[in-house]
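Each chain, letter by letter, is given below.
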Amino acid sequence: MVKAAVRSSSEQDTTTAENFAPVYLEERARDHVWIHSLPWAELAEKDGFRVFDRGEGSTIYDIQGRGYFDAISGLWVVNAGHGRADIAARMGEQAARLAYASAMSFTTVPQVQLASMIAERTPGDLNRVFFCSGGSEAVESAIKIAKQVQTMRGFPRRYKIIGRRGSYHGMTYGAMSITQSVRDEASFGPYMYGVYHVPHPDRYRSDFGVEGEQADIMAAKAVEQEIIYQGPETVAAVIGEPISTAAGVHVPSPIYWQMLRETCDKYGVLLICDEVINGFGRTGKMFAQELFGIQGDIMTIAKALSSGYAPIAAAVVSDKVYEIFKEKDQVPMGHLLTFGGHPVACAAAVRNLEIFDEENLVERGNEMGTYLGQQLQTLTKHPSVGEVRGIGMVWGLDMVANKATREKFGKDSQFKKKLAQLLMERNIVTRVWDVLHLAPPLVVTKDEIDNVVGAIDESLTIAENEYASEIVA
Ligand SMILES: Cc1ncc(COP(=O)(O)O)c(C=O)c1O
């Protein structure tokens, strides 16, 4: 006996195949799916959301068959592009062979393969892979590893974590606590105890009122000052995205990360590099740490590890950090995730990384990304585009109400709402926050780049004319 749908304007049995025909899917979605981050007003609104059905390359198609350019690779995920039937086939083979074996005390063939492939590609001695299902779990795991390692090394009072303002590291409790960009103390506080946030490297709106590399140096010094202020003997780790995406696609000078590395070593603090978005070719290198000539003690990876074909993530730990688990060889890491390193997800990721090699995806992405960046620079002619920033295949247009003062549009800006609507009408899926994000799959073509830049150009012109009152030209 199957329960009838709570509400169904089609007033039919909800379980029949016809009722999942395109005509009913949006209605079913409205009734039953809790879409992440979407308020009811938008879910209820006609055309407030899309039900997607299939994808090919850089295009995704909704249930009406309408194609959209995936300008943000899902959520910085589908680096190898949509529609890779051979990844799907590898997953099918694995599911038929062995769908699951206990993650507690055992491993599986695809897990061993994937861990080896990751270790071959990571910077330095980041060789020990703790598998999870998503980025938040990876961050959660990294925090726990850092705290436990400090305790095992004889420093149980080192529990504090230093993050950066504007950061995003996920939505589970620990990850949300070190995230700063979407804090909601009223609903979710108190957060995890012992988290502190310092300014992130932002040359465009520096907290220190300076420009260029000086802004990065000041931001790096702020990390050291916070460690000293808190008392180094209380600090477990510093966490940051090598290139901060949520904070607005800021690419610091290598000196910033080199200073952070030196500071962490100086005070016995672990450095966690969150490469959940940055990793797997997004920044023009396999990992963004390579851009800065540094290596974290722990690195988090997710998203493009499988290019989104399956939920898989990891906290990757250096040999140096893992050493303590060999010394205290009766003590396991106090962490267990039933689906961490799921065999089918590992098989998807293995095939994904093989494709990266076969198609030189990192180099290709960097080449196309450089072209995308050059084309996007032409948009700075618009009064609402303060700056175009990025590297590799991760770009952002800093949207400003006043170019001279670099003032952002307010949260309720009609201009930004209109811009988002115009882009959707032009079949472009992206995010228009304080920054308009561009991060298509690494397989994107020049024609697709020309089309999307042209469509943004046109949309900016229309929105700027319609909401001229919001903009100081
Ligand atoms: C830098 C970073 N870390 C962690 C996460 C959390 O990943 P997930 O949404 O897979 O839990 C995200 C998600 O966007 C992210 O951008």
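Residues numbered from 1 in each chain as written. Predicted model: local features only at pLDDT ≥ 70, side-chain atom pairs only at ≥ 80, totals over all residues.

Trainee: Tell me about the overall build of the protein, and please be specific about residues and values.
Mentor: The secondary structure content of the protein amounts to 16 helices and 15 strands. Taken along the three principal axes of its C-alpha coordinates, the protein extends 60 × 60 × 45 Å. Within the protein, buried positions represent 47% of all 473 residues. Taking contacts inside the protein between residues at least 6 apart in sequence as the whole, the part at least 24 apart equals 73%. (Helix = DSSP H or I, 4+ residues; strand = E, 2+ residues; numbered from the N terminus. Buried ≥ 20, exposed ≤ 12 C-beta atoms within 10 Å, placed from the backbone. Contact = placed C-beta atoms within 7 Å.)

Trainee: An account of the domain arrangement of the protein is needed here, citing residue identities and associated values.
Mentor: For the protein, the domain assignment lists domain 1 (50-83 + 361-470) and domain 2 (86-358). The C-alpha-based centres of domain 1 and domain 2 are spaced at 27 Å. Taken residue by residue, the interface counts 26 residues in domain 1 and 23 residues in domain 2. Of all the elements, helix 14 (residues 361-377) adds the most residues to the side of domain 1 that touches domain 2, at 5 residues. Of the residues assigned to the side of domain 1 that touches domain 2, the class counts are 13 nonpolar, 8 polar and 5 charged. (Domains from an automatic or database assignment. Nonpolar A, V, L, I, M, F, W, Y, C, P; charged D, E, K, R; others polar.)

Trainee: Quick one: what's the story with the sheet that holds strand 3 (residues 67-70), residue by residue and with numbers?
Mentor: Taken together, 4 strands build an open sheet; the order of strands is 1-2-3-14 and the sheet is mixed. Lying at the two open borders of the sheet, with one neighbouring strand each, are strand 1 (52-56) and strand 14 (428-429). Pairing of strand 2 (residues 59-62) with strand 3 involves 3 bridges; the strand directions are antiparallel. Within the sheet, the bridge partner assigned to Ile60 lies in strand 3 and is Tyr68. (Pairing = 2+ DSSP bridges.)

Trainee: How would you explain the site of the ligand if you had to name every residue and give the values?
Mentor: Close to the ligand lie 14 residues, the nearest being Gly134, Gly135, Ser136, Gly170 and Val276. By residue number, the principal contributor to the shell around the ligand is helix 6 (residues 135-152), which donates 3 residues. Taken together, the residues of the shell around the ligand sort by class into 6 nonpolar, 6 polar and 2 charged. (Near = placed C-beta within 6 Å.)

Trainee: Summarise unusual backbone geometry; cite the residues concerned and give the values.
Mentor: Omega for the peptide link from Gly189 to Pro190 comes to -5 degrees, which places this bond in the cis form. A positive phi is found at Trp76, a non-glycine position, where the angle reads about 60 degrees. Relative to the assigned elements, Trp76 resides in helix 3 (residues 73-76).

Trainee: Can you tell me about the packing of helix 5 (residues 109-121) against helix 13 (residues 343-358), naming the residues and giving the values?
Mentor: Closest axis-to-axis distance for the helix 5/helix 13 pair is 8 Å, and the angle between their directions is 40 degrees. Taken as axis vectors, helix 5 and helix 13 run oblique relative to one another. Every pair of crossing elements has a handedness; the one defined by helix 5 and helix 13 is left-handed. Across from Pro110, Gln111, Gln113, Leu114 and Met117 in helix 5, the residues of helix 13 making contact are Pro343, Cys346, Ala347, Ala349, Val350 and Leu353. (Axes fitted to C-alpha atoms, helices over the stretch in contact; angles between N-to-C directions. Parallel < 35°, antiparallel > 145°, perpendicular 65-115°, else oblique. Left-handed = near helix turned anticlockwise from the far one by under 90°.)

Trainee: Give a description of the sheet that holds strand 6 (residues 195-198) that names residues and reports values.
Mentor: Reading across the sheet, the 7 strands line up as 4-10-9-8-7-5-6 and stay open at both edges, with mixed pairing between neighbours. The open sheet has two edge strands with one neighbour each: strand 4 (126-132) and strand 6. Shown here is a sheet whose adjacent strand axes are inclined to one another by a mean of 20 degrees, direction ignored. Judged from the 4 bridges that link them, strand 9 (residues 298-301) and strand 10 (residues 313-318) form a sheet pairing that is antiparallel. The residue bridging Ile298 from the neighbouring strand is Val317, located in strand 10.

Trainee: Outline the packing of helix 9 (residues 213-230) against helix 10 (residues 254-267), supporting the account with residue identities and numerical values.
Mentor: Direction vectors running N to C along helix 9 and helix 10 enclose 15 degrees, while the axes themselves pass 9 Å from each other. When the interaxial angle is binned, helix 9 and helix 10 end up roughly parallel. The crossing of helix 9 and helix 10 is right-handed. Along its contact with helix 9, which presents Glu213, Asp216, Ile217, Ala219, Ala220, Val223, Glu224 and Ile227, the element helix 10 presents Ile255, Tyr256, Met259, Leu260, Thr263 and Tyr267.

Trainee: Let's hear about the environment of Arg90: which residues, and what values?
Mentor: By the secondary structure assignment, Arg90 is in helix 4 (residues 85-97). Exposure remark for Arg90: the 23 C-beta atoms within 10 Å place this residue in the buried category. Arg90 sits 257 residues away from Ala347 along the chain, and the two C-alpha atoms are 6.2 Å apart. Once residues within four sequence positions are removed from consideration, Arg90 is found in contact with Ala347, Ala348 and Arg351.

Trainee: Report on helix 13, specifying residues and quantitative values.
Mentor: Residues that lie three or four places apart on an α-helix share one face, since the helix turns once every 3.6 residues. In a regular helix each residue adds 1.5 Å, so 16 residues correspond to 22 Å; helix 13 covers 22 Å between its end C-alpha atoms and thus fits that length. The buried fraction of helix 13 is high, at 12 of 16 residues. Of the residues making up helix 13, those classed as buried are Pro343, Val344, Ala345, Cys346, Ala347, Ala348, Ala349, Val350, Arg351, Asn352, Leu353 and Phe356. Residue Asn360 follows helix 13 closely and has a positive phi angle near 45 degrees. (Expected span 1.5 Å × (residues − 1).)

Trainee: Describe the environment of Pro383, with residues and values.
Mentor: Tracing the backbone through its elements, the reader meets Pro383 in the loop between helix 14 and strand 11 (385-391). Classification of Pro383 by C-beta neighbours within 10 Å gives partly exposed; the count is 16. Distance in space between the C-alpha atoms of Pro383 and Arg90 is 49 Å, their sequence separation being 293 residues. The contact partners of Pro383, leaving out residues within four places of it in the chain, are Lys403, Glu464, Ile471 and Ala473.

Trainee: Describe the environment of Gly166, with residues and values.
Mentor: Inspection of the secondary structure assignment puts Gly166 in the loop between strand 5 (160-164) and helix 7 (173-178). C-alpha separation for the pair Gly166 and Phe409, spaced 243 residues apart in sequence, amounts to 16 Å. The residues contacting Gly166, other than those within four sequence positions of it, are Gln180, Ser181, His200, Ser244, Ala246, Ala247 and Gly248.

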